[in-house]
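Below are the chains, spelled out letter by letter.
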Amino acid sequence: MCIRDSFNTLQTRHGEHRIAMKGPFARDCKAKVLHYFEPKSRNLFLLDLDSVSKDGAHLRHGGWVRISLDINFNFEEGFRSQVSPDGEIFITAPSHERRKGFFSVNFLGNTLTEEFPMKVAREHHCIVWADDGLFVVGGTDPNTGKALADCERYDFDEEDWKPIASVNVAASKAAMCSVGRSFLFKFGGLDSWGLPARTIECYDIRRNEWSIVRATAEADVLELCHDSMAAQISPDEILVFGGRSAEGFLLETGYIFFLPRLEDFNYTFGASDLVLKVIQTFLRFAGAYVPNSHIVHENALLLARSGYYEV
C-alpha cells in the first residue's frame, strides 16, 4: 500500500515558501513517474506525474499502477533506487543476498535486468543521478554493520562502476541530492556506532573532491536526522526534510539550505557557509517516507509513503 502527497509551497516561520524547480526529466521523456518499490514484496508502484493535479492538496492513494515483477526474490529494507532523466528506473542492493546488486526495470517483461554489480556491498546508502551518471555514497557494510565512506559512480559508456573519492565522515541512512550537474550534497545520517553523523558534505564532481560544509542556522539547534530526504527546490536552495531524530521519533520538520551561486564555488569551498532557515511542521502528517521515492516535478514536491492515512 502506498500513499502520495504533494507540496507546491512550504510553511516557514516567515510565511509560505514556494518550490521553483521544473524537475529532473528530459523534455522528451515519455515516462515521467514517481516510483515505489514495496518492501517484503515483488511489487513496483508507478504514478504518472503528468496525470497528477497541479493542486496537490488532499492527495491519497489513487492513481498508482502496481506491477508485480517477475523476479525470484522480495525487496528487503536497505535497498535504494533512482529514476533517470529519461524515465529509466534503477535499484541497488535490492535484497540481503544482493547487496552488490544493480538492476534496471524492464517494462516490456515486467522484470528486472541485472546490470554490472557495484564494487562494494552496501545497504542504507545514498544514490543520486548527476552529470549523466549514477552516484552511490556511503551506507552500511552488510557484513560488519559499520558505516561506509566508500563511494562509486556508474559509467554508462563502459557499463561499469568506478570508485570515486570517499566521504570525510562515513555514514548510513544519510540524505543526499544533486545540485546542477556538478555537485552533490550529503546531510547527516548515522555513524558506525549508530549515533547521528552531524555533518554536511559537498562533492565536486569535476574535481572528485568532498568538502565538509558549515551551516549557519537561524534556529538554536540544527538537528541533522537519519532517514531524511533531500531535494533541490530552486536554483539556490536545498530542502532536507523528515526522517528520525536521535531518539527514533518521526519528524514533521525540515530545513532549507540557501546556497551561494554555483559559479562562486572555488577551492576554498570548505570554508563557505550555507545559510539555513528552519521549516516548521510543513508536512501535514508525520510519517516515514520511502527513500528515493520523492521527486520535484513542475514546481511541486511529490512523495510516496507506505501505510494508511488516519481520516
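Scroll up for the structure.
### So, the packing of aromatic side chains
Argument step 1. Under the counting rule described, the total for this entry stands at 18 aromatic pairs.
Argument step 2. Seen in terms of ring centroids, W129 and F156 are 5.4 Å apart; in terms of plane orientation they differ by 45 degrees. Their pairing is tilted. In this pair, W129 is assigned in strand β11 (residues 126–130) and F156 in the loop between β13 (151–155) and β14 (160–164), connecting sequence segments 27 residues apart.
Argument step 3. Ring geometry for Y203 versus W210: centroids 4.9 Å apart, planes at 35 degrees, classification tilted.
Argument step 4. The class for W210 is buried, based on a relative accessible area of 7%.
Argument step 5. Three or more aromatic residues joined by ring pairs make a cluster, and in this case those are F90, F102, W129, Y154, F156 and W161.
Argument step 6. For K146, the ring lying beneath its charged end belongs to W193, and the centroid distance is 5.4 Å.

### Examining the pattern of salt bridges
Argument step 1. Under the criterion given, the structure shown has 13 salt bridges.
Argument step 2. As a salt-bridge pair, E97 and R98 come within 4.0 Å of each other at their nearest N and O atoms.
Argument step 3. Taking the relative accessible area as the measure of exposure, R98 reaches 24% and is therefore partly exposed.
Argument step 4. Linked by salt bridges that have partners in common, D131, D132, R153, R181 and R206 make up one network.

### With respect to the sheet that holds β14
Argument step 1. Pairing within the open sheet is antiparallel, and its four strands lie in the order β11-β12-β13-β14. Each of the sheet's edge strands pairs with one partner strand only, and the pair in question is β11 and β14. The sheet shows a mean angle of 25 degrees between the axes of neighbouring strands, direction not considered.
Argument step 2. One ladder, built from five bridges, connects β11 with strand β12 (residues 133–137); its direction is antiparallel. Residue pairing across strands places I127 opposite V136, the latter belonging to β12.

### A closer look at the side chain of E237
Argument step 1. For E237, the position within the fold is in strand β20 (residues 237–241).
Argument step 2. Reaching out from E237, the side chain makes a polar contact with the side chain of S234 at a distance of 2.8 Å.
Argument step 3. Setting aside residues up to four positions removed in sequence, E237 forms contacts with H17, A231, Q232, I256, F257, F258 and L259.

Conventions adopted
- Residues numbered from 1 in each chain as written.
- Predicted model: local features only at pLDDT ≥ 70, side-chain atom pairs only at ≥ 80, totals over all residues.
- Heavy atoms only, no water.
- Phe/Tyr/Trp six-rings, centres within 6.5 Å; stacked < 30°, edge-to-face > 60°.
- Helix = DSSP H or I, 4+ residues; strand = E, 2+ residues; numbered from the N terminus.
- Buried < 20%, exposed > 50% of the residue type's maximum accessible area, 1.4 Å probe, protein only.
- Lys NZ or Arg CZ within 6 Å of the ring centre and 35° of its normal.
- Salt bridge = Lys/Arg side-chain N within 4 Å of Asp/Glu carboxyl O.
- Pairing = 2+ DSSP bridges.
- Axes fitted to C-alpha atoms, helices over the stretch in contact; angles between N-to-C directions.
- Polar contact = N/O pair within 3.5 Å; in protein donor to acceptor, adjacent residues only side chain to side chain.
- Contact = heavy atoms within 4.5 Å.

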